[in-house]
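# Structural features, examined
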Amino acid sequence: MKILTAPRMERCIGCHSCSLACARLVHKFLSWDCAGIRVSSSGGLSTGFEARTCLACLPAPCAAACPTGAYSQRKDGGVVVKKNLCIRCGECAGACPVDAVFLNPAGEPFVCIHCGRCVSFCPHDCLELLEVGTEKPEDGRAQEGAL
């Protein structure tokens, strides 16, 4: 299984190319409101940027909070979302411990699916798709360099 990480965020210039690539290539929208990865200032322009992505929790609190079963747990962490089952209640976003489930203005959820399509669009090589083993972590996964 692969997981998206952001190990070199000190290089980030906040261009949002990763978010726009995710929105356009994965979700078929042209708005970073519809992306599974978000980039934001980590406190001001002089302090750099943070990439917020799903940490591939195991078990995933967002999946447990979903009342309709729209979220299902991936085998080694993270989730798969069936948008046709989603009622846009926002429980998934409220349950995420790192605010990595994003709701667009219409309440539709977007979460990183660890596909890596954004990686090649980052002009400063801030992102990386890592292969992870099948061992089960005790407290979920954490990514170095990510929020």
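Since the structure is predicted, the reported quantities are computational estimates derived from the model, not experimental observations.

### Thoughts on helix 1 (residues 17–26)
Looking at helix 1, one finds that the buried residues are Cys18, Ser19, Ala21, Cys22 and Ala23. Along its buried surface, helix 1 packs onto strand 2 (38–41). Lysine 28, located one to two residues past helix 1, shows a positive phi value of around 65°.

### A short note on the environment of valine 101
Tracing the backbone shows valine 101 in the loop between helix 3 (91–95) and strand 6 (102–103). Overall, the relative accessible area of 7% leaves valine 101 in the buried class. As a C-alpha pair, valine 101 and cysteine 62 span 39 residues in sequence and 8.1 Å in three-dimensional space. Those residues in contact with valine 101, other than ones at most four positions away along the chain, are Cys62, Tyr71, Cys92, Ala93, Cys96, Pro109, Phe110 and Val111.

### Observations concerning the confidence of the model for the chain
With 90% of its residues at a pLDDT of 70 or more, the chain shows a mean pLDDT of 88. For residues 136–147, every residue scores under 50 in pLDDT, and the model assigns this stretch 31 contacts once sequence neighbours within four places are set aside.

Cut-offs applied
Here the residue numbering is sequential within each chain, running from 1 through the sequence in written order. The predicted origin of the model limits local features to residues at a pLDDT of at least 70 and limits the giving and counting of side-chain atom pairs to 80 or more, whereas totals for whole chains, interfaces and linings rest on all residues. With hydrogens and water excluded, all non-hydrogen atoms of the structure serve as input to the side-chain values. Remark: exposure states derive from per-residue accessible area (1.4 Å probe, protein chains only) relative to the maximum for the residue type, with buried under 20%, exposed over 50%, and partly exposed in between. Under the DSSP-based scheme used, a helix requires at least four consecutive residues in state H or I and a strand at least two consecutive residues in state E, with every element numbered from the N terminus. Residue contacts are counted whenever heavy atoms from the two residues lie within 4.5 Å of one another. Every residue carries a pLDDT, the predictor's confidence in it, which falls somewhere between 0 and 100.

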